[in-house]
Amino acid sequence: MKQVTDTVTQNNPVLELSRQGHALFKARRFEEARKAFEEALAIDPANAYVLTGMGDVLRQQNKYSGAAEYYRRVLEFDPFNIYSLLGLGDALRGGQHYQEAIVFWKMYLQQHQSKNIFVLTRIADSYKRLSDYDNALAYYQDAFAVQPDDRYVLLGLADLYKTQGLDLQAIEHYEKALAGGVTSVSVLTIAGSLHLKCNNYETARNYYEKALELEPHNNHALHGLASYYRKIHNYQRAAELWEHILEKDTGTLNLLARLGDPYRSLGQLGAAERTYKMSLERGYDKFALVGMMKLHCLLGRLQDACDCYAEMLCNEGNDTRFFVEAGLLLIHRGSRGLALEFYHYVQQLQKNSAEACQIIDACILQLDEPPAARNLNR
């Protein structure tokens, strides 16, 4: 039998070159595989098996438009070739042509006459990329019905729910994926962040610590764990973790702003000012600017606090929260007069905001009351 096969191969060089090309492709020797397929196509330009092989090679080399051309050549004479339908969908996805990719994957499913979980997930992922969440959910659910423990389906559903702000559903599916063996640090940190957002502090801490067991210097996990400690008012530990990130990283604006807050809460005002300045030197950041404003209030620097507030309001357009917090800091340091000046300043800036004016008026009225009246109102 082997002798017959060898004779057939010798008489059919295209078959031999095709076999070589596919073997090299499986071995990930893509450039050599490409040369073998090119030789075969020079002999037989319409060989579907070779054309598809060439498309697969180019797709693996991220040459998506070139790969798509080879798959399309097959479909010109074999419109229902399932390998080229699948490959063309994948090549179009690689080129971010998600809507067109979906068309060919759906044709693949029609020809395959079965629920292929991998193609269903591809379609769902692409609909999600297109922000077509209803269709994405429908295809994820189809895939889930075929294989409810598939990690890619579970993660796809989890990401979809997270994108839509459905945190509890997202948590449920991330945790199913983790229970099924997913060990991704990014999934652990996402689960931690969602639990932190839902005020499940200790569960969040557990996920961040699991992530750090796998990658001790992972910035996302360190940042999440620092946020956990800030939430439970352990400002010293939060600051230590954020400083640990800065040992090997320049840090983001958000990180620097957050680092300043625990230093301010700990009374380490010099360290707080240093980090706020580092953040603001890189560009505008609302929370760094608000942090600096609060710091100026703690130090009784009224003009600097007013300047920070004006800049923040100019960028944000409106505020009904931060001016109250700043005024309370001035009051708590015993500077009721400065607090009143600050509120009058804000009143002028916010004179066109009925909501803000109502709040400011109440703050000023309370400060203007004589001490006896204030005690009586308590």
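Residues numbered from 1 in each chain as written. Predicted model: local features only at pLDDT ≥ 70, side-chain atom pairs only at ≥ 80, totals over all residues. Heavy atoms only, no water.

A word on the packing of helix 20 (residues 322-332) against helix 21 (residues 336-349)
Applicable threshold: Convention adopted: a line fitted to C-alpha atoms gives each axis, helices being fitted over their contacting stretch, and angles between N-to-C directions are expressed from 0 to 180 degrees. Each helix is a run of DSSP H or I of at least 4 residues and each strand a run of E of at least 2, with the numbering of both proceeding from the N terminus. Roughly parallel refers to an angle under 35 degrees, roughly antiparallel to one over 145, roughly perpendicular to one between 65 and 115, and oblique to any angle outside these ranges. Crossing handedness: left-handed means the near helix sits turned counterclockwise from the far one by under a right angle, and right-handed means the same turn made clockwise. Contacts were defined at the residue level, with two residues in contact if any of their heavy atoms lie within 4.5 Å. Note that Gly is not counted as nonpolar here; it falls among the polar residues with everything else outside the nonpolar set of Ala, Val, Leu, Ile, Met, Phe, Trp, Tyr, Cys and Pro and the charged set of Asp, Glu, Lys and Arg.
At their nearest, the axes of helix 20 and helix 21 sit 7 Å apart, and the two run at 160 degrees to each other. In terms of axis orientation, helix 20 runs roughly antiparallel to helix 21. Considering the relative orientation of helix 20 and helix 21, their crossing is right-handed. Residues Phe323, Val324, Ala326, Gly327, Leu328, Leu330 and Ile331 of helix 20 lie in contact with helix 21, whose contacting residues are Arg336, Leu338, Ala339, Phe342, Tyr343 and Val346. Taken together, the residues of the contact of helix 20 with helix 21 break down into 11 nonpolar, one polar and one charged.

Comments concerning the environment of His233
Mapped onto the elements of the fold, His233 is located in the loop between helix 14 (219-231) and helix 15 (235-248). Along the primary structure His233 and Ser126 are separated by 107 residues, whereas in three dimensions their C-alpha atoms are 42 Å apart.

Examining the packing of aromatic side chains
In this description, an aromatic ring pair is defined by two values, namely the gap between the centres and the angle between the planes. Operational definition: Two rings belonging to Phe, Tyr or Trp (six-membered ring only in the last case) form a pair when the distance between their centres is within 6.5 Å. Interplanar angles under 30 degrees mark stacking, angles over 60 mark edge-to-face geometry, and anything in between is tilted. Exposure categories follow from relative accessible area, calculated using a 1.4 Å probe and restricted to protein chains: below 20% of the type maximum is buried, above 50% is exposed, and the middle band is partly exposed.
Under the definition given, this model contains seven aromatic pairs. Where Tyr309 meets Phe323, the ring centres are 6.5 Å apart and the plane angle is 90 degrees; that geometry is what we call edge-to-face. Of this pair, Tyr309 sits in helix 19 (residues 302-316) while Phe323 is found in helix 20, placing the two residues 14 residues apart along the sequence. Accessibility classification places Tyr309 together with Phe323 in one group, the buried group. Here Phe323 falls in the buried class, since its relative accessible area comes to 0%. An aromatic cluster of three or more residues is present, and its members are Tyr309, Phe323, Phe342 and Tyr343.

Thoughts on the nonpolar core
What counts here: Here, the term nonpolar core denotes a set of buried Ala, Val, Leu, Ile, Met, Phe, Trp, Tyr and Cys residues that are joined through side-chain atoms within 4.5 Å.
Core analysis: the biggest nonpolar cluster contains 109 residues, and Ile123, Met293, Tyr309, Phe342 and Tyr343 have the highest contact counts within it. With sequence-adjacent residues up to four places away left out, Phe342 is seen in contact with Met293, Leu302, Ala305, Cys306, Tyr309, Phe323, Ala326, Gly327 and Leu330.

Quick notes on the confidence of the model for the chain
Operational definition: For every residue, the predictor states its confidence as a pLDDT score lying anywhere from 0 to 100.
Looking at the chain, the pLDDT average stands at 91 and 93% of residues meet or exceed 70. Contacts for the low-pLDDT stretch residues 1-9, under 50 throughout, to residues beyond four places or in other chains number four contacts. Note that residues 372-378 has pLDDT below 50 and, in this model, five contacts with residues that lie over four places away or in other chains.

Overview of helix 18 (residues 286-298)
Spelled out, the test is: Expected span of a helix: the number of residues minus one, times 1.5 Å. Polar contacts, as used here, are pairs of N or O atoms within 3.5 Å; protein pairs need one atom able to donate a hydrogen and one able to accept it. Residues neighboring in sequence count only if both atoms are side-chain atoms.
Its 13 residues place the ends of helix 18 18 Å apart at the C-alpha level, agreeing with the 18 Å of an ideal helix rising 1.5 Å per residue. Helix 18 sits mainly inside the fold: 10 of its 13 residues count as buried. For helix 18, the full list of buried residues reads Ala288, Leu289, Val290, Gly291, Met292, Met293, Lys294, Leu295, His296 and Cys297. By the N-cap criterion, in which a side-chain oxygen at the helix start approaches the backbone nitrogen of a residue two or three places on, helix 18 is capped by Asp285, the distance to Phe287 being 3.2 Å. The positive-phi residue at the C-terminal boundary of helix 18 is Gly300, with phi of around 75 degrees.

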